[in-house]
Amino acid sequence: MLSGNAGEPPARPNTLHGVIRMAKKSRMSVLKRQRELKKAEKAALKRERRDLRKEAEPLVGEDQVASSDDLAGYGFPTDDAAENEQE
């Protein structure tokens, strides 16, 4: 007599011709994995952009200083003008 309870089909082995079969993937788990992958790729892209911005920005100690000609062009008094006023 076959094993198993009466009225139930016999248990199917998890092998087919000696090959172990994987569990059937549900659509929800596939979609979840795709969402996680997309989120990870987006985060990696943001990190890469942030690193590129940091490389392009000048360092804090290397700020540009305006020359006296630049200051005169903006209307600020220069050292030459201050010396002329004192005389």
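Residues numbered from 1 in each chain as written. Predicted model: local features only at pLDDT ≥ 70, side-chain atom pairs only at ≥ 80, totals over all residues. Heavy atoms only, no water.

Draft legend 1. Main features of the overall build of the chain. The number of helices and strands found in the chain is 3 helices and 2 strands. Walking the chain from its N terminus toward its C terminus, one meets helices and strands in the order β-β-α-α-α. Expressed as a percentage of the 87 residues in the chain, the buried residues total 1%. Roughly 9,300 Å² of accessible area belongs to the chain as shown, and the carbon and sulfur atoms make up 54% of that amount. (Helix = DSSP H or I, 4+ residues; strand = E, 2+ residues; numbered from the N terminus. Buried < 20%, exposed > 50% of the residue type's maximum accessible area, 1.4 Å probe, protein only. Areas by Shrake-Rupley, 256 points an atom, 1.4 Å probe, with all protein chains shown as cover.)

Draft legend 2. The arrangement of the confidence of the model for the chain in detail. Of all residues in the chain, 63% have pLDDT values of 70 or greater, and the mean over the chain is 77. Mean pLDDT across the elements of the chain bottoms out in helix α3 (residues 79-86) (59) and peaks in helix α1 (residues 27-56) (94). (pLDDT = per-residue confidence, 0-100.)

Draft legend 3. Quick peek at a positive patch on the surface. On the surface, Arg47, Arg49, Arg50, Arg53 and Lys54 cluster together to form a positively charged patch. Here Arg49 lies in helix α1. (Patch = residues over 30% accessible without salt bridge, like charges linked within 9 Å, V, L, I, M, F, W, Y side chains within 5 Å. Salt bridge = Lys/Arg side-chain N within 4 Å of Asp/Glu carboxyl O. Lys, Arg positive; Asp, Glu negative; His and termini not counted. Charge placed at Lys NZ, Arg CZ, Asp CG, Glu CD.)

Draft legend 4. Region of interest: a nonpolar patch on the surface. The grouping of Leu71, Tyr74 and Phe76 at the surface amounts to a nonpolar patch, some 360 Å² of accessible area in total. On the secondary structure map, Leu71 appears in helix α2 (residues 68-74). Under the relative-accessibility criterion, Leu71 is labelled partly exposed at 31%.

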